[in-house]
Amino acid sequence: MEEREISKAVIKRLPRYHRYLGEILESGVERISSSELSGRMKVTASQIRQDLNNFGGFGQQGYGYNVKYLYEEIGKILGLDKQHNMIIVGGGNLGQALANYVDFEKKGFVIKGIFDVNPVLRGLSVRGIQIHMLEDLKDFIREEEIQIAALTLPKSKAEEMAELLVRYGIKAIWNFAHVDLQVPGDVLVENVHLSESLMRLSYNITRYEKEHLE
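In this text the structure is predicted, and so the values were computed from the model without any measurement.

### Concerning unusual backbone geometry
Link 1 in the chain: Positive phi, close to 55°, is recorded for R127, a residue that is not glycine.
Link 2 in the chain: With respect to the helices, strands and loops of the structure, R127 is situated in the loop between strand 5 (125-126) and strand 6 (129-133).
Link 3 in the chain: With a phi angle near 55°, E145 is a residue other than glycine that sits in the positive phi range.
Link 4 in the chain: By relative accessible area, which is 59% here, E145 ends up exposed.

Right, here's the structure in full:
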């Protein structure tokens, strides 16, 4: 059977479902209706049902959803039941902050190493994760079976490094550099533009002030 094409909007909402269901599970709730989930997530019950129906539904009318089962099944859809080995390229403040975020490992994203060009950082560790120099990058990617690279370099260095990562076999880049990377079609890129997020927040603050203070 041909796999059904899922819209990007639905995929974008899946991590939110997973996060909220995890919180609900921790609070001891065993079953929840789409209406109750809607109230927590600020997404309509109809939208929730439509989204989940893309993957089989998971609920029963008048019965709701088994929270633990739905949480685990969405985790499988997101690939969180597997281990994803990753590296961080850029051992500065942002790279070290990512390395210190322990929740990644709970979701199956294991940071195997950090890479930088600054010799002062050679051999240092962040939360037990060693900082390596770039000359070790090619062999490390192969030996540790690295799938994902988090790119936390300045814009001026990001494109060149992305090309190198692709050449060494990386198939997914988590890009924190403020530049749109040009990579082959079989390489996945998830952009995290922090300044754009702040600008959206600035726009919303400005709009709110105009509506409520004028």
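Text resumes after the structure shown.
### Overview of helix 4 (residues 67-77)
Note that an α-helix has 3.6 residues per turn; residues three or four places apart therefore point the same way.
Link 1 in the chain: Taken as a whole, helix 4 has its buried residues at V67, L70, E73, I74 and G75.
Link 2 in the chain: Looking at the packing, one finds that the buried side of helix 4 touches helix 1 (8-26), strand 1 (31-32), helix 3 (45-53) and strand 2 (65-66).
Link 3 in the chain: Capping the start of helix 4, N66 holds a side-chain oxygen 3.2 Å from the backbone nitrogen of K68, two or three residues further along.
Link 4 in the chain: G79 lies just past helix 4 and shows a positive phi near 80°.

### Observations regarding the nonpolar core
Link 1 in the chain: With 21 residues, the main nonpolar core has I87, L137, L151, M161 and L165 as its most contacted residues.
Link 2 in the chain: For this core, the secondary-structure elements that each account for two or more residues are strand 3 (84-89), helix 7 (137-143), strand 7 (148-151) and helix 8 (155-167).
Link 3 in the chain: Element by element, the count of residues in this core is highest for helix 8, at five residues.
Link 4 in the chain: Setting aside residues no more than four positions away along its own chain, L137 makes contact with I87, F115, M161, L164, L165 and Y168.

### Observations concerning helix 1
Link 1 in the chain: Its 19 residues give helix 1 an end-to-end C-alpha distance of 28 Å, which sits within 8% of 27 Å, the value for a rise of 1.5 Å per residue.
Link 2 in the chain: All of the buried residues along helix 1 are V10, L14, Y17, H18, Y20, L21, G22 and I24.
Link 3 in the chain: Where helix 1 is buried, its residues touch strand 1, helix 2 (34-41), helix 3 and helix 4.
Link 4 in the chain: Taken from the residues just after helix 1, G28 is the one with a positive phi, measuring 95°.

About the cut-offs
- Residues numbered from 1 in each chain as written.
- Predicted model: local features only at pLDDT ≥ 70, side-chain atom pairs only at ≥ 80, totals over all residues.
- Heavy atoms only, no water.
- Helix = DSSP H or I, 4+ residues; strand = E, 2+ residues; numbered from the N terminus.
- Buried < 20%, exposed > 50% of the residue type's maximum accessible area, 1.4 Å probe, protein only.
- Contact = heavy atoms within 4.5 Å.
- Polar contact = N/O pair within 3.5 Å; in protein donor to acceptor, adjacent residues only side chain to side chain.
- Core = buried A, V, L, I, M, F, W, Y, C linked by side-chain atoms within 4.5 Å.
- Expected span 1.5 Å × (residues − 1).

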